[in-house]
Amino acid sequence: MDSLYSNPMSLIIGAVAATGVCMTAALTVGDTWLIIAASVVGAIALMRTGLVFAIHYLPRWNTRTLELMFEVGAFAFAASLSAVASIAVWGEVPYDAQMLLVVVAVSYATAIAARNAGSPFIALGQLLTVLVPLSIALVLSKSTLILVLGLATILHIPSVISITMKVNRSLRTSITEAETSERLARKMEVLAHTDVVTGLHNRAGLNEMLVTELMRCGPDQHLALFWMDLDRFKEVNDLLGHQIGDRVLSEVARRLRESLPDEAGIARFGGDEFVFFCSVRHREDCEALAARILQQIKRPMRLDGERLEIGSSVGIAMMPDDGIDADRLMQAADLALYHAKQGTRGGHRFFDPAMTRELASRREIEAELRQAIKRDELSLFFQPIVDLQTGRIKCFEALLRWFHPIKGELRPGEFIPVAEETGVIVTLGNWITRQAALACAQWPEDVSVAVNLSPLQIKAPGAVLAIESALREANLDPRRLELEVTESLFIEDSEQTAAFIDELSAKGVRFALDDFGTGYSSLSYIHKFPFSKIKVDRCFVSGDDVGPRAHAIIRAVAAMGRGLDMEIVAEGLEEQEQVETVRDAGCTLGQGYFFSRAVPDYLAAMLLAQDRDGDGLRAA
């Protein structure tokens, strides 16, 4: 239908031209029947012109009605035009008038067949309506030349039919390809905005959906954006495989759909993060919805015989209080989620402007920390680890200190978490290891140095090479370097950790398990990895909770250490009584203010000198 009505001017020009020729020939000849037939052509042409204009500029007709109206007009005009030419031939009017009308009729039939090829019925119907009666009239003529023209006209019919059908096939192919392209485009658009695992919107779909929703929101309407992160989802993937992980994500998506209002927008933002939003009346609605979502996600799920409990944390931002556009709302919800995860997992937090100030502070610390490494503002201090029987210094633990030129001394708790989050800890950790090895190389050969390792250091490319380079640069025996790791390291990436520990242990580097008893304690770690030392956390040694139960734990750990030929270090020793208690419990080494605070390298050398000249550091 588009091809039939797309260019009304071509129909109008053709109708006017044909009508003008017919009327001119009829009036010139003066034949009554010819004048009547030409008048009919003009009347039909006038009606078609008005109809085409009405349809083109007032498109309120259905397809079948349009097609029927076009067919009636087309066939009527074709029949009237054929009648004019046939009357001229049968009436034996002058040859020039006959030829003029025959040429117009044949030309019109040929041109209109190609133009209306989108509908073969109309195109071929008009062609035959014009040429069949005209061909008969020409063939029955008494003139031999006119007879030849009739035969040529008959042969012209199949050639025009062939051309018309070819044009029709081309049109249909083009339409089919266009429809296929449109379907594929719609399908690709859906796929581009859909997460393949959960069937929810993905990040691109979320952005489009959220922007659309914000544009619809009135000035007094409140919209809440929730950003949810699954707790320890990586453990599910690592322990049970990605197939189970994907099924967990699909189940979480299903629970979200069931728990959220029908009009809510839901998306999987990536990994184990989900974002959803909906209209709310006030803050209490958000509280209730977040609590319901957290409870639904926490419900146990059973997959292939495995019973899983997946917790989650949620950050919440509200429009217009926390932002009026998608970017600000997303940033606010992301910050709120960060603080929810930093606190007690499995809870929710609303965005607070103070979070932005804290983020700015963290970014400032990050930038200054990078500069501090270049400007040598960082220093290593060393705290002795002492043999509880002899009082002799056996090892020094390297501890980082930052003396800011303006802010003064910054505590490790202020900048180490920022270094962990931003990845600066890798550069920082390598620097600490190198400086600690250089310092240890100046000490007696029976004194070692202990360096704390970040999980990010171990995961970084070339982690083993960095340790080996530090040892090589300091010309330090690998057996004098002790690397302290925490139990959380093995939960995050045990395979990579195992390869790291095995490779360095084979070269002589020793490993200590730090903060034992405060993390995800498991005897399998001690059995699997070649630890030479276990450090009992200070919470079992000093503090308000210390008592018979804590002492019993220390004795149990010490007994295990003796059986496994490991050193047991008691941290946080501050008083003589504490030293005696842990020594009697079986601990072999001690560390704390009772012996010494962490000191610069030159004071560490003085402590060693004092230790070697006397009977040990505060030997009991």
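The structure presented is a predicted model; accordingly, all values stated were derived computationally and were not measured.

The rules behind these values
- Residues numbered from 1 in each chain as written.
- Predicted model: local features only at pLDDT ≥ 70, side-chain atom pairs only at ≥ 80, totals over all residues.
- Heavy atoms only, no water.
- Phe/Tyr/Trp six-rings, centres within 6.5 Å; stacked < 30°, edge-to-face > 60°.
- Helix = DSSP H or I, 4+ residues; strand = E, 2+ residues; numbered from the N terminus.
- Buried < 20%, exposed > 50% of the residue type's maximum accessible area, 1.4 Å probe, protein only.
- Expected span 1.5 Å × (residues − 1).
- Axes fitted to C-alpha atoms, helices over the stretch in contact; angles between N-to-C directions.
- Parallel < 35°, antiparallel > 145°, perpendicular 65-115°, else oblique.
- Contact = heavy atoms within 4.5 Å.
- Nonpolar A, V, L, I, M, F, W, Y, C, P; charged D, E, K, R; others polar.
- Patch = residues over 30% accessible without salt bridge, like charges linked within 9 Å, V, L, I, M, F, W, Y side chains within 5 Å.
- Areas by Shrake-Rupley, 256 points an atom, 1.4 Å probe, with all protein chains shown as cover.
- Salt bridge = Lys/Arg side-chain N within 4 Å of Asp/Glu carboxyl O.

Undergrad: Tell me about the packing of aromatic side chains, residues and numbers included.
TA: Enumeration according to the criterion identifies nine aromatic pairs in this entry. Plain terms: the ring middles of Phe381 and Phe403 are 6.0 Å apart, the flat faces sit at 40 degrees to each other, and that makes the pair tilted. Taken together, the residues span a long stretch of sequence, with Phe381 in strand β8 (residues 378-387) and Phe403 in strand β9 (residues 393-404) at a distance of 22 residues. Aromatic pair Phe396 and Trp443: ring centres 4.8 Å apart, planes at 50 degrees, arrangement tilted. Highlighted residues: Phe396 in strand β9 and Trp443 in the loop between α15 (424-440) and β11 (448-452), separated in sequence by 47 residues. There is no split in this pair, since Phe396 and Trp443 are both buried.

Undergrad: Quick one: what's the story with α15, residue by residue and with numbers?
TA: Between its first and last C-alpha, α15 extends 24 Å over 17 residues, near the 24 Å set by a 1.5 Å rise per residue. Of the positions making up α15, those classed as buried are Val424, Ile425, Leu428, Gly429, Trp431, Ile432, Thr433, Ala436, Ala437, Ala439 and Cys440.

Undergrad: Requested: an account of the packing of helix α20 (residues 548-563) against helix α21 (residues 576-585), with residues and values cited.
TA: In a pair of packed helices, the angle between the axes and the distance between the axes together describe the arrangement. Packing of α20 against α21 leaves a shortest axis separation of 8 Å and a crossing angle of 45 degrees. Between α20 and α21, the angle falls in the class oblique. Contacts between α20 and α21 involve His551, Ile554, Arg555, Ala558 and Arg562 from the former and Thr581, Val582 and Ala585 from the latter. Of the residues assigned to the contact of α20 with α21, the class counts are four nonpolar, two polar and two charged.

Undergrad: Could you give me a rundown of a nonpolar patch on the surface, with the residues and numbers involved?
TA: A cluster of nonpolar side chains, contributed by Trp90, Leu128, Val132, Ile136 and Leu140, occupies part of the molecular surface with about 500 Å² of accessible area. By residue number, the principal contributor to the nonpolar patch is helix α6 (residues 120-139), which donates three residues.

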